[in-house]
Amino acid sequence: MTTPYDQLDAWIDAHFDAEVGFLQEMVRVPTDTPPGNNAPHAERTAALLEEFGFHAEKHAVPAEEVKAGGLESITNLIVRRRYGDGGRTVALNAHGDVVPPGEGWTHDPYGGEIEDGKLYGRAAAVSKSDFATFTFAVRALEALGAQLKGGVELHFTYDEEFGGELGPGWLLKNGLTRPDLALAAGFSYQVVTAHNGCLQMEVTVHGKMAHAAIPDTGVDALQGAVVILNALYEQNRLYKQVRSKVPGIEHPYLNVGRIEGGTNTNVVPGKVVLKLDRRMIPEEDPVQVEADIRRVIETAAERFPGISVDIRRILLARALQPLPGNAPLVQALQRHGSAVFGEEIPTSGTPLYTDVRLYCEHGIPAVIYGAGPRTVLESHAKRNDERLELEDLRRATKVVARSLYDLLA
């Protein structure tokens, strides 16, 4: 006997070439962030959605807010699909902004090229893939013609790389959406219910410029910065002794990802700027973490006479903590993930941070699930030759469509 799940699977298989083509179009419009000129991608996405009969509301974030956030343009999209009275509204969120491609690619990062069953391109795995997963899962659900209650909203947003406050955070803050449950883009095979928090800071080390021929007349900001760097890196040894109880999350970590300074090779550097990223496990208090880092920096600076430091917080993203109401979504994804992938699908945490936390901060139970490999490493996310196994895209779409049917039928 043919079940609704069989019918959903069959529709997705029959339209899979179109889904792959849709994803290729998503990849081919660059959304490098920085600089963050992301409105053109939203326009292209909205036009393609219209071809499916999906009207995308365009919510442009005011230019002054975008500029203050360090980006150039953001237009967030909401597609609202209403069914019968009552029932839940389930939001499906994916972000279109990405880090720049960097070097070392063997495929065009904006080509959407397919080789050996994999689609290559920046954001092919994270998370333009789930623009396709979520769109075609909803199309499959509606093609079923079943009597449904509640509704689905597609939230396609463009500020995850900078924290999400101008993406989902902006939509929620301005009362443009209030779903009952939220599913955000992630990786296949596991249902993620918790993730790390992230604190990013900018540390400016001030010294005194001088001619390199008479260095004693200056104060070398770079040497001062090295003292601070060594003190920060020493913290990682201590962090490894702090263990999270959340499966999939191990310990805190600190990374210095950018260093700028100096004016020329024959000049003692008068200023050096460090940008650091501190990943916080769910059990940590962000206020205490920031206070501790400031103390480490200031204590280290005192050991190098003549320098001063300015410390500025760039980003504070709190950890994702599971809300009790997420059980229906978690259970549906696990049940159908097991059926489609042929293996047990666990819940877990991830050392990433994402903008899905913002839904939970507004009291909306949310989890992470979508197309992608088992691990971030396998996807090459944020590295050269990011790729997605097309069969993972197919299977994730089936899992999401089946889960929506359970939640809304």
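One structure accompanies this document, and this report is about it. (Residues numbered from 1 in each chain as written. Predicted model: local features only at pLDDT ≥ 70, side-chain atom pairs only at ≥ 80, totals over all residues. Heavy atoms only, no water.)

## Examining the overall build of the chain
Put simply, the rule is: For helices the rule is a DSSP run of H or I covering at least 4 residues; for strands it is a run of E covering at least 2, with both sets numbered from the N terminus onward. To sort residues, take the accessible area from a 1.4 Å probe on protein chains only and compare it with the maximum for the residue type: under 20% means buried, over 50% means exposed, and anything in between is partly exposed. Note on contacts: a residue pair qualifies if any of its non-hydrogen atoms lie within 4.5 Å across the two residues. What sets the accessible areas is the Shrake-Rupley method with a 1.4 Å probe; for residues, cover comes only from the shown protein chains. As used throughout, the charge tally considers Lys and Arg to be positive and Asp and Glu to be negative, leaving His and the chain termini uncounted. Charged groups are reduced to one reference atom each: NZ for lysine, CZ for arginine, CG for aspartic acid, CD for glutamic acid.
If you tally the helices and strands in the chain, you get twelve helices and 17 strands. Considering only C-alpha atoms, the chain reaches an extent of 85 × 40 × 40 Å along its principal axes. Across the 409 residues that make up the chain, the buried fraction comes to 56%. Put simply, of all contacts in the chain between residues at least 6 apart along the chain, 81% involve residues at least 24 apart. Accessible area of the chain: about 17200 Å², with a carbon and sulfur share of 50%. Of the charged side chains in the chain, 41 are positive and 55 negative; the average position of the first set lies 3 Å away from that of the second.

## Examining the packing of helix H2 (residues 16-28) against helix H12 (residues 390-408)
The test is simple: Only the contacting stretch of a helix is used when fitting its axis, a line to C-alpha atoms as for every element, and angles between N-to-C directions run 0 to 180 degrees. In what follows, roughly perpendicular refers to angles from 65 to 115 degrees, roughly parallel to angles under 35, roughly antiparallel to angles over 145, and oblique to any angle outside these ranges. By definition, turning the near helix anticlockwise from the far helix through less than a right angle yields a left-handed crossing, and turning it clockwise yields a right-handed one. Residue polarity is assigned by list, with Asp, Glu, Lys and Arg as charged and Ala, Val, Leu, Ile, Met, Phe, Trp, Tyr, Cys and Pro as nonpolar; anything else, Gly included, falls into the polar class.
The geometry of H2 relative to H12 is characterised by a closest axis approach of 11 Å and an angle of 110° between their N-to-C directions. One element, H2, and the other, H12, form an angle in the roughly perpendicular class. Like other packed secondary-structure pairs, H2 and H12 cross with a definite hand, here right-handed. Residues Phe16, Glu19, Val20 and Leu23 of H2 lie in contact with H12, whose contacting residues are Leu390, Leu393, Arg394 and Thr397. Partitioned by chemical class, the residues of the contact of H2 with H12 number five nonpolar, one polar and two charged.

## Notes on the environment of Glu113
Threshold: The definition of a polar contact used here is a pair of N or O atoms within 3.5 Å, where within protein one atom must be able to donate a hydrogen and the other to accept one, and adjacent residues in sequence count solely through side-chain atom pairs.
Checked against the element boundaries, Glu113 lands in the loop between strand S3 (84-95) and strand S4 (114-115). The partly exposed category is assigned to Glu113, whose relative accessible area is 33%. Sequence separation between Glu113 and Arg387 is 274 residues, and the spatial gap between their C-alpha atoms is 9.5 Å. Sequence-distant contacts of Glu113, defined by excluding residues within four places in its chain, comprise His107, Asp108, Lys118, Leu119 and Tyr120. There is a polar contact of 2.9 Å between the side chain of Glu113 and the side chain of His107.

## Topic: unusual backbone geometry
The omega angle of the peptide bond from Thr33 to Pro34 is 5°, so this bond is cis rather than trans. Mapped onto the elements, Pro34 comes out in the loop between H2 and helix H3 (39-51). A cis geometry characterises the amide bond from Val126 onward to Ser127, with omega recorded as -10°. With respect to the helices and strands, Ser127 occurs in the loop between strand S5 (118-120) and helix H5 (129-143). Phi at Asp385 is positive, roughly 55°, even though this residue is not glycine.

## Let's talk about the sheet that holds strand S17 (residues 387-389)
Sheet strands pair by backbone hydrogen bonding; their relative direction is either parallel or antiparallel. Rules: Pairing between strands is defined by DSSP: at least two bridges between the two strands are required.
Overall, antiparallel pairing links the three strands, which are arranged S4-S5-S17 in an open sheet. Both outer strands of the open sheet, S4 and S17, are each paired with one neighbouring strand and no more. With two bridges connecting them, S4 and S5 associate as antiparallel partners. Of the residues in S5, the one forming a bridge with Ile114 is Leu119. Contacting S4, S5 and S17, H2 crosses the sheet at an angle of about 20° to S5.

## Considering the packing of aromatic side chains
The relative placement of two aromatic rings is captured by the distance of their centres and the angle of their planes. We apply this condition: Each pair of aromatic rings taken from Phe, Tyr and Trp, with Trp reduced to its six-membered ring, is defined by centres within 6.5 Å and is described as stacked if the planes are under 30 degrees apart, edge-to-face if over 60, and tilted in the remaining cases.
Using the criterion set out here, one finds eight aromatic pairs in the structure. For the ring pair Phe131 and Tyr158, a centre distance of 6.4 Å and an interplane angle of 70° mean the geometry is edge-to-face. Pair noted here: Phe131 is in helix H5 and Tyr158 is in the loop between strand S6 (149-157) and helix H6 (168-173), with a separation of 27 residues, a long-range link. Assessed through its relative accessible area of 0%, Phe131 is described here as buried. An aromatic cluster of at least three residues, connected via ring pairs, comprises Trp11, Phe22, Phe52 and Phe136.

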